[in-house]
Each structure stands twice: as C-alpha cells, then as structure tokens.
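Fold and contact review
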Amino acid sequence: MQLARKQSLFKTILEYFVTVDHKKIGLLYLFSGLFFLVCGTVLALLMRIQLAVPENDFLSGQTYNEVMTMHGTTMIFFAATPLIFGLMNYIVPLQIGARDVAFPFINALGFWFFLFGGIFLYSSFLFGEVPDAGWTAYASLAVVSKGHGVDFYLLALQLSGAGTIMSGINFLVTIVNMRAPGMSYMRLPLFTWTSFITSALIIFAFPAFTIGLILLLFSRLFGAQYFNVAIGGNTVIYEHLFWIFGHPEVYILVLPIFGVFSEIFSTFSKKRLFGYNSMVFAVILIGFLGFMVWAHHMFTVGLGPFANAIFAIATMAIAVPTGIKIFNWLLTLWGGSIRLTTPMLYGLGFIPSFIIGGVTGVMTASAAADYQFHDSYFVVAHFHYVIVGGIVFGILGGLHYWWPKMFGYMLNETLGKISFAVLFVGFHTTFFVLHFVGLMGMPRRYFTYLKDQDFGDLNYISTIGSYILVLGLVLIVFNYIYSTVIREKAVNDPWNGRTLEWSIPSPPPMYNFKQVPQVNSLDAFWYEKMKGNSNMSSPDELSDIHMPSNSSLPFFMALGFFIASYGLMFLDKGSNNIAFITLVIGGIIAFGSMVLRSTIEDKGYYITKKQLSEEDPK
Amino acid sequence: MNDKKNTLNKQKLNKELKIQLLVFIVTLLLTVLAFVAVASEKFAPTFIAPFIVTLAVVQVIFQLYYFMHLKDKGNKEISIFLYGGLLIGVLTVIACLFIVWL
C-alpha cells in the first residue's frame, strides 16, 4: 500500500470523489460549507445594499424576495450545517479513539446528497426561477408562488435532508459502538457529547420536516389540497410541522458549538472543564426542551392565550440549562492560566454576543411582548446574534483550533487576531442597531421603506457594519490561503491539548490510531501527559488494520436522485416527455447504484503490520 | 469445561425456544381476540377501538422484547433512544391535541 506517496493532482481530486475516509469527507463538508457561506454572504450584502437608503431601487421587490429566501436557506442548510458536520466528521472519531465512523459508505453518501442538494438549489438561478417564499416557505404563500422556484427549494431540501439524517444515524452509531477501551460515556470529550445529542435531535426532528416538505411538494406538483382552506385543508399544519423541526434545528446547529467552546475554554485555561457532569446534563436537557417549544414561533397565529402561555414558559425554561453552561464556562476561565490565542478570542467574543442573543430570545419568548416583536427587525437582530455570534464564531474558532490537526500547519495567529477583531466589530455594528430598527416598527422581509419612516440612519449604519463584517470574513479566508502558502509546520500537539486527537500525528494517518488507545480518565491525553507519558498506551499489540475500500457508488447514487429531481420538477402533470425521460434516467442511475452496492461483495482491505512498522515512527 | 459451557448454552437455547413459542402462541391468541371483538358484533365501537389499540400495544411490546430481543443484555442505548423518541413523539401529539387545538 502506498501510504505516503506523492500523487498527481488529478489522482488526488479523483480520490476525493471516491473516498469513504471520515477525514476526507470532513474536509469536503468544510470546503463546500465555506463555498456556500461565501454565496450566502454575497446575497446578504445585496440585501444590505438595497436597504442602506430609503426607497432604494437596487433590487426589485421580486429579486429581493428571492435573495432573502436564498440567503436564509443557504446559511442554515448549506453553510452552517455542513460546516458543523465537517468538524464533527473530522474530530469525533479522533476524540473517541476510533479509526473511522461506523458506516463509512453512508458517510460518503450523506455528503454527496447534501452537496447535490446545494447545487440543485443554486441551479435555480440558471433557470431564472428562484425560490421566493422565505426560508420557512409557509404553505399559504409557497403553494401559490409562481414558477418552479419553490419546487427547487423543496427538492433541494429533500435531497440534503436525506443526507443529514444519514449522517445523524452514522454519528450516533459511531459514538455508541466505536469508543476506545476505557472511554465510558462520562469520559467523552464535550464536543463528542454535543455531537451525540445533536445527532439524536437530527433523527427525531428531520422526519417532521420531510413530511411537511412532502405535503407541500404534492400540493405544488400533483395538485393535492392539504393546505386549501376552502375544501377543509389547514395551512397552519405546515407551520407546526416546520417548527417542530425548525426549533430543534436551531439546537442541532448550536449544540456542537457549545462543545467546541467547551474544548477551547478548557484547553486555553489549562484547566479541566468546570462542572463536566452538569454540562452533559444541560446539553441533554436543552435537547429535550428544544422539542417542546416550537409554537413560540407561532404566537401570533392565534393559538389562544393558554397555548401561548405554556409555550412561553417552556421556552423560558431553556434559559436555565443554557445559563448553567454559561456559568460553567466562566468558572472554567476563573483562576485558569489563560492564553489569548485566536480560538480563545472567538470564545471570549462568543459569550457576551450569545448572551445578548439569549436575552432577546427570552424577550421574544414572552408571548404578550412578542405581538410587538413578531416579524420585525428585532427578531432578525435576535437570531443573527445567536447564529453569527454563536454558530459562526464557533465554526471559525473551531476551524482555527483544529486546523493544525487537519492540515499539519498552523494558521497565522496575528492575522487570526486581526480578522477576529474586524469580524467582531463588523458583526455588532451590523446587527446591534437592527434591534432598534425593529422596535421602531420596521417589518422584516420588506424590500424597502419610506423616507419619512426614520429607519434610514440606523439601516445605513447596519450596511456599513456589514461591509466591515465581510472584510473580516475576507481576512479570514486570506489567512487560510496565506498560511497554506507559508506552511508553518505544526507539531502533534500545538495547543497543549487535552483530548485524544492531539496524541496522534498532524495530519492524522489514514488509519488514525496505529494502536487503539487505552483511556484512563476524562481528558485522556492530558492525564497521560501529567503522568509523564508522551503517548497513549494501548491494551492491544500492533496488528493488521482493517480498512473500508473506496467506492464511487455514493457519488452516483446521489447524482441519480439529483437528475431525477429535475425530471420530477418539470413533469408538470405528465405532459412533458423530456422531463419524464430525465426522471427515468436519474432513477436508473440511482437504483442501479443501489443494486450494485447490494450485489458487489466488498470486504475492504488490510494494512499489514509490516507496512505499519515501515513507516517513519515520528 | 467447553462441554459444560455447551450444555449450558443448549439449556439456555431450549429455554429461549420455549419462550419464543409461548409468546408466538400468545400473540396469535391476541390477534384472534381482536378479530373476534369486531366480528361478533356484540360490542359497542366505543369499546372495540380502545380494546384493539391496547392489544396492538401489547403486541408491539412482545414483538420488540421477545422477537427482536430487546430484553437481552446490551440493548440499553437502543431502549433509551426508543423511549426517548416515544416520549418526544407522544408529548408533541399531546401538546398539539390538548394545548393547540382543543
């Protein structure tokens, strides 16, 4: 086996198409996530330019709706989700001492489904029929939306949703079954714990969304009448289905970020995480309560005071476990020997930003007050504080933290700190003023406002802030490129880390652990370091390593469904031959790949002991 | 030593087989009972519906615990997720029915 041989560029690219290695799939997730993040940012800039001055005509109303819908959908489903999945894919198996995820093939399949979903969504720009019903696509609007725009949204999310569920199941099985000896549940690093709970939320929450999308899809494509009030349908049912999924989705995104920051705070304070047990308990509680609060998005629907009161109280209850986490982080910092590295700065910036987002969250959770806040820019400011101040900071901080492990070279610290400062200032300038714009009464999702409404000044400040925010993001991307060119070599454990991933070479070899490590404590690697061991010991002797073989089938399976989706969408009740042929071709590719997967026997291959010992044991 | 283990295993298997057969017969009886309840036309629908649903729940439990071996050791995680999902699902339905719609 050629483990460390130099390969041609073409071969390397080809390898990424057929890979089932969790590390390569993690990188694929990360880079496609960054790509969609850039797309979403450009759309956000377009909106901010349009709103900078009153009665602007930079974008027309229809275009603004399309840009707004695409921005929301992209950022939640095709930027935040894959970036988090990328981190989870790469780091979780390393943290639990596993050689790969439980189902490497399904892992690859999940990625390709996600990517083709994203490409499908963005191809709507080529067809000139872009989704325009908001990222929620409420049925009353989405059913009557003209053209194929909303169909692009529905099928793209159906594709990527299938991929997400696959990944969720995969992570659950991995964390349950593939932990290293001695790694009990209460010794799992917190990032792994949060990934575990997130995966559970995914498999419980996504089916509700899938059903909502199917009902909407049938209404649009086949003339079903689920949402037609005139003949006894109910459009509110879609809102329920959407938010039964949609609220847990918020926690799906933010919980792994809590994990990332727990790792960062504990590493850079040189202390064990304060209140580990209560942190785990809080994550589980947040996950559970996340399912019991969906109607707080629907206070103004008219569910009645009783329902509103119950959901308001349930929502405020979530502030309790979240508060536990915040205090635990602060107490981790307390008395620690703090190093102000870039990841730590993201962490320190995250706490106040996220608290502001949390406080406005509790404000909107009071049903009576929500009648004022609802559908105003106050809500926009609230969730951008949570998503940018929480999730984006977490992803960028986590990337900076694990970058040396992933690529074997450090990111530039000075550039990292400067870019963080710019990002932080830009973020607060953009979104802080939006609170007041909302309180003054500017409704969200409107493409313009009038001169005498007094929204002009604050919106102008917000637009300037968004330029600074984008400058920060550009600096970060520049740092990635700059550091790649400079290649300041990273040691195995550049941050003096605590968990297992720092005990192996950077970047890790394809089999991760030459010998599966024996875990003796929480913060396993730190425990060994304190005992004076520089490496993890292993209960087993060096032996052959069984590896899964690469496969191109995941790519073709997802490709098949991707092609079939176009056919399905343009079918228009059976009169369209080309669409029908496309549907059939896509189906043949997809189900053909499935048949091949079922019939070809693949037992993987072995990396022998000899090959392992021949390698340079650094 | 090995022989002893084998006979022990055999005894265990025999016991398992008996239990499986017994549960199979009980599930058949429960199914017959459900059919009888409907076919006899002697019971009010308000009785039949909850009765059949109760039988169905019992059947599901038999299915999960005996035929799908949930009663065996090493299924703790599966049970947690099963009941966790059930809890969330039931609570959601209850919330929809009694808080949102009624």
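Quick caveat, the model's predicted, so the values are computed rather than measured. (Residues numbered from 1 in each chain as written. Chains lettered and ligands numbered in written order. Predicted model: local features only at pLDDT ≥ 70, side-chain atom pairs only at ≥ 80, totals over all residues. Heavy atoms only, no water.)

1. Re the overall build of chain B
When helices and strands are tallied, chain B shows 3 helices and 0 strands. Principal-axis analysis of the C-alpha atoms gives chain B an extent of 65 × 40 × 10 Å. In chain B, which comprises 102 residues, the share counted as buried stands at 18%. When the accessible surface of chain B is summed, it comes to about 8,000 Å², and 74% of that surface belongs to carbon and sulfur atoms. (Helix = DSSP H or I, 4+ residues; strand = E, 2+ residues; numbered from the N terminus. Buried < 20%, exposed > 50% of the residue type's maximum accessible area, 1.4 Å probe, protein only. Areas by Shrake-Rupley, 256 points an atom, 1.4 Å probe, with all protein chains shown as cover.)

2. Brief notes about the overall build of chain A
Counting its secondary structure elements, chain A contains 20 helices and 2 strands. Scaling as 2.2 N^0.38, a compact globule of 618 residues should have a C-alpha radius of gyration of about 25 Å, and chain A matches this with 24 Å. Oriented by its inertia axes, the alpha-carbon framework of chain A measures out at about 70 × 65 × 45 Å. Among the 618 residues that make up chain A, the fraction classed as buried is 58%. (Rg over C-alpha atoms; globule rule 2.2 N^0.38 Å.)

3. Observations concerning the interface of chain A and chain B
Taken together, the contacts link 19 residues of chain A with 14 residues of chain B. Roughly 1,300 Å² of surface becomes buried between chain A and chain B when both sides are summed, with 87% attributable to carbon and sulfur atoms. The tally of links from chain A across to chain B stands at 0 salt bridges. Linking chain A with chain B are 1 residue pair in polar contact (both at pLDDT 80 or more), by the criterion used here. Only helix H7 (149-177), helix H8 (190-221), helix H9 (236-269) and helix H11 (305-333) of chain A provide two or more residues apiece to the side of chain A that touches chain B. The element contributing the most residues to the side of chain A that touches chain B is H11 of chain A, with 4 residues. (Contact = heavy atoms within 4.5 Å. Buried area = accessible area lost by both parts, 1.4 Å probe. Salt bridge = Lys/Arg side-chain N within 4 Å of Asp/Glu carboxyl O. Polar contact = N/O pair within 3.5 Å; in protein donor to acceptor, adjacent residues only side chain to side chain.)

4. Overview of the packing of aromatic side chains
Any pair of aromatic rings gets described here by the distance separating the centres and the angle formed by the planes. All names here are of chain A. If you walk through the whole model with that rule in mind, you get 83 aromatic pairs over all chains. On the basis of an interplanar angle of 50° and a centroid distance of 5.7 Å, the ring pair of Phe36 and Phe78 is categorised as tilted. Pair noted here: Phe36 is in helix H2 (residues 22-51) and Phe78 is in helix H3 (residues 61-95), with a separation of 42 residues, a long-range link. Given the relative accessible area of 2%, Phe36 is considered buried. Between Phe111 and Phe114, the ring centres sit 5.9 Å apart and the planes meet at 55°, which makes this aromatic pair tilted. Placement of the pair is Phe111 and Phe114 together in helix H4 (residues 104-122), with a separation of 3 residues, close to one helical turn. The cationic tip of Arg498 hangs over the ring face of Trp526; the distance from NZ or CZ to the ring centre is 4.6 Å. Note that Arg597 overlies the ring of Phe105, its terminal NZ or CZ placed 3.7 Å from the centroid. (Phe/Tyr/Trp six-rings, centres within 6.5 Å; stacked < 30°, edge-to-face > 60°. Lys NZ or Arg CZ within 6 Å of the ring centre and 35° of its normal.)

5. Considering the pattern of salt bridges
Residue and element names in this part refer to chain A. Within the structure shown, the criterion is met by 8 salt bridges over all chains. When the shortest N-O distance is used, the salt bridge between Lys529 and Asp493 registers 2.6 Å. You can see Lys529 sitting in helix H17 (residues 524-530) and its partner Asp493 sitting in the loop between helix H16 (456-486) and H17, a full 36 residues away along the chain. For Arg498, the salt bridge is made with Asp523, and the minimal N-O distance between the two is 2.9 Å. With a gap of 25 residues between them, Arg498 in the loop between H16 and H17 and Asp523 in the loop between H16 and H17 connect regions that are remote in the sequence. A single burial state applies to Arg498 and to Asp523, both of which are buried.

6. Notes on the nonpolar core
All names here are of chain A. Core analysis: the largest hydrophobic core is formed by 195 residues, its most contacted members being Phe120, Phe209, Tyr238, Trp294, Trp329 and Trp402. For this core, the element with the highest residue contribution is H3, accounting for 19 residues. If sequence neighbours within four positions are ignored, Trp402 has contacts with Leu87, Ile91, Gln95, Phe191, Val260, Glu263, Glu501 and Trp502. (Core = buried A, V, L, I, M, F, W, Y, C linked by side-chain atoms within 4.5 Å.)

7. What about H9 of chain A?
Residue and element names in this part refer to chain A. Helix length check: H9, at 34 residues, gives a terminal C-alpha distance of 49 Å against a target of 50 Å (1.5 Å per residue), a fit within 8%. Along H9, the sharpest change in direction is near 25° and occurs at Trp243. The buried fraction of H9 amounts to 31 of the 34 residues, a majority that puts the element mostly inside the structure. Positive phi appears at Lys270, one or two residues downstream of H9, with a value of about 55°. (Expected span 1.5 Å × (residues − 1). Bend = angle between axes of the 7 residues up to and from the residue.)

8. A few points about a negative patch on the surface
All names here are of chain A. Judged by side-chain charge, Glu55, Asp452, Asp454 and Asp457 come together as a negatively charged surface patch. Within the secondary structure layout, Asp454 lies in the loop between helix H15 (413-439) and H16. A residue is classified by how much of its surface remains accessible, and Asp454, at 58% relative accessible area, is exposed. (Patch = residues over 30% accessible without salt bridge, like charges linked within 9 Å, V, L, I, M, F, W, Y side chains within 5 Å. Lys, Arg positive; Asp, Glu negative; His and termini not counted. Charge placed at Lys NZ, Arg CZ, Asp CG, Glu CD.)

9. Description of the domain arrangement of chain A
Residues and elements named next belong to chain A. Split into domains, chain A comes out as domain 1 (9-551 + 602-614) and domain 2 (552-601). Placing the centre of domain 1 and that of domain 2 at their C-alpha centroids yields a distance of 30 Å. Contact with domain 1, which involves 23 residues of that partner, is made by 19 residues of domain 2. At the junction of domain 1 and domain 2, the tally comes to 1 salt bridge. Taking the shortest distance from any N to any O, the salt bridge between Lys603 and Glu601 comes out at 3.5 Å. Joining domain 1 to domain 2, the criterion identifies 3 residue pairs in polar contact (both at pLDDT 80 or more). Every element with two or more residues in the side of domain 1 that touches domain 2 is listed here: helix H1 (9-18), H4 and H7. Among the elements that make up the side of domain 1 that touches domain 2, the one with the highest residue count is H4 (8 residues). In the side of domain 1 that touches domain 2, the residues fall into 16 nonpolar, 3 polar and 4 charged. (Domains from an automatic or database assignment. Nonpolar A, V, L, I, M, F, W, Y, C, P; charged D, E, K, R; others polar.)

10. Section: the domain arrangement of chain B
All names here are of chain B. The domains assigned to chain B are domain 1 (2-71) and domain 2 (73-102). The gap between the C-alpha centroids of domain 1 and domain 2 is 23 Å. Tallying the contact residues gives 5 residues for domain 1 and 6 residues for domain 2. Here domain 1 meets domain 2 over a buried area of about 370 Å², counting both sides, of which 52% is carbon and sulfur. Here domain 1 and domain 2 share 2 residue pairs in polar contact (both at pLDDT 80 or more) between them.

11. What about the side chain of Ser506 of chain A?
Residue and element names in this part refer to chain A. Relative to the helices and strands, Ser506 resides in the loop between H16 and H17. What makes Ser506 buried here is its relative accessible area of 7%. Engagement of the side chain of Ser506 in a polar contact is seen with the side chain of Lys405, the distance being 3.1 Å. Setting aside its immediate chain neighbours within four residues, Ser506 contacts Pro404, Lys405, Gly408, Val491 and Asn492.

12. Quick word on unusual backbone geometry
Each neighbour pair has its own omega, and for Ser506 of chain A with Pro507 of chain A the value is -15°, a cis peptide bond. Phi at Asp454 of chain A takes a positive value of approximately 65°, unusual for a residue other than glycine. Although it is not a glycine, His69 of chain B sits at a positive phi angle of roughly 60°. Examined against the element boundaries, His69 of chain B turns out to sit in the loop between helix H2 (45-67) and helix H3 (76-101). Residue class for His69 of chain B comes out partly exposed when judged on its relative accessible area of 31%.

13. Let's talk about the environment of Asp493 of chain A
Residue and element names in this part refer to chain A. Residue class for Asp493 comes out buried when judged on its relative accessible area of 19%. Distance from Asp493 to Phe114, taken between C-alpha atoms, is 32 Å for residues 379 residues apart in sequence. When neighbours within four sequence positions are excluded, Asp493 is seen to be in contact with Trp502, Phe525 and Lys529. Within the structure, Asp493 has its side chain in polar contact with the backbone nitrogen of Gly497 (distance 2.7 Å).

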